[in-house]
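Here's the letter readout for the chains.
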Amino acid sequence: AVIIFAWDSKNKTATIVREYMPGCHRVLGGLAAGIIETSPDKHDSDPLLAAQHELEEECHLAGGTWHRLTDEGVSIPMDKYVQTEISAFLVIDPSRVE
């Protein structure tokens, strides 16, 4: 999985996604995130490509300066009960897309 912290350096703001969370039955704020797809016509297991697609899909943002927040090939375990690992990214000054 990927998670993206989008930062606007001019306005000093972060992009927060509001979405319904079925586990707690509430709308909560969080960062753009999604699953890395293995299909060659989608992400082809590329975390950066997955992160870029998720940011555009969820927040209508693209471009900017991207920084992977872990070393290549290193991901962060989501929690102790699941096998999903997260690749975290920081994107600075992405632009709005329609």
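Here, the structure is the one placed above.
J.: Honestly, the pattern of salt bridges in this entry has me stumped. Any pointers?
T.: A side chain with one charge may pair with a side chain of the opposite charge, provided their charged atoms come close. Under the definition given, this model contains one salt bridge. With a shortest N-O distance of 3.8 Å, Arg-68 and Glu-72 are connected by a salt bridge. Residue classification places Glu-72 among the exposed positions, given a relative accessible area of 68%.

J.: Can you walk me through unusual backbone geometry in this structure?
T.: Most peptide bonds take the trans configuration, and most residues that are not glycine carry a negative phi. Phi angles above zero are rare outside glycine, and Lys-12 is one such case at about 55°. Looking at the element boundaries, Lys-12 is found in the loop between β1 (2–8) and β2 (13–14). On the basis of relative accessibility, which here comes to 58%, the residue Lys-12 falls in the exposed class. The backbone phi angle of Ser-45 is positive, close to 65°, even though this residue is not glycine. A relative accessible area of 42% means that Ser-45 is categorised as partly exposed.

J.: Can you help me understand the side chain of Glu-54 in this one?
T.: For Glu-54, the position within the fold is in helix α1 (residues 47–59). No salt bridge forms around the buried Glu-54; measuring N to O, its nearest opposite-charge neighbour Lys-42 is 6.4 Å away.

J.: Explanation requested: the side chain of Thr-70 in the structure shown.
T.: Along the chain, the position of Thr-70 falls in the loop between β7 (65–68) and β8 (76–77). A distance of 3.3 Å separates polar atoms of two side chains, one belonging to Thr-70 and the other to Arg-68. With near-sequence residues (within four places) excluded, Thr-70 lies in contact with Ile-76 and Ala-88.

J.: Please explain the nonpolar core as it appears in this structure.
T.: Nonpolar side chains in soluble globular proteins generally cluster together in the buried interior. Counting residues in hydrophobic clusters, the biggest one holds 13 residues, and the most contacted among them are Ile-4, Leu-55 and Trp-66. Elements supplying a minimum of two residues to this core: β1, α1 and β9 (85–92). Sorting elements by how many residues they give to this core places α1 first, with four residues. Residues in contact with Leu-55, not counting those within four places in the same chain, are Ile-4, Ala-6, Ala-32, His-60, Leu-61, Trp-66, Val-91 and Pro-94.

J.: Is there a simple way to explain α1 in this structure?
T.: Its 13 residues give α1 an end-to-end C-alpha distance of 18 Å, which sits within 8% of 18 Å, the value for a rise of 1.5 Å per residue. Positive phi appears at His-60, one or two residues downstream of α1, with a value of about 60°.

J.: In this structure, what is going on with the packing of aromatic side chains? I would like to understand it.
T.: The description of an aromatic ring pair rests on the distance of the ring centres and on the angle between the ring planes. By the definition in use, this model includes two aromatic pairs. Between Phe-5 and Trp-7 the ring centres are 6.3 Å apart and the planes differ by 15°, which places this aromatic pair in the stacked class. The partly exposed category is assigned to Phe-5, whose relative accessible area is 32%. Residue Trp-7 is classed as partly exposed on the basis of its relative accessible area, which comes to 27%. Relative to Phe-89, the ring of Trp-66 has its centre 6.1 Å away and its plane inclined at 70°; by these criteria the two rings are edge-to-face.

Each value, and the rule that gives it
Residues numbered from 1 in each chain as written. Predicted model: local features only at pLDDT ≥ 70, side-chain atom pairs only at ≥ 80, totals over all residues. Heavy atoms only, no water. Salt bridge = Lys/Arg side-chain N within 4 Å of Asp/Glu carboxyl O. Buried < 20%, exposed > 50% of the residue type's maximum accessible area, 1.4 Å probe, protein only. Helix = DSSP H or I, 4+ residues; strand = E, 2+ residues; numbered from the N terminus. Lys, Arg positive; Asp, Glu negative; His and termini not counted. Polar contact = N/O pair within 3.5 Å; in protein donor to acceptor, adjacent residues only side chain to side chain. Contact = heavy atoms within 4.5 Å. Core = buried A, V, L, I, M, F, W, Y, C linked by side-chain atoms within 4.5 Å. Expected span 1.5 Å × (residues − 1). Phe/Tyr/Trp six-rings, centres within 6.5 Å; stacked < 30°, edge-to-face > 60°.

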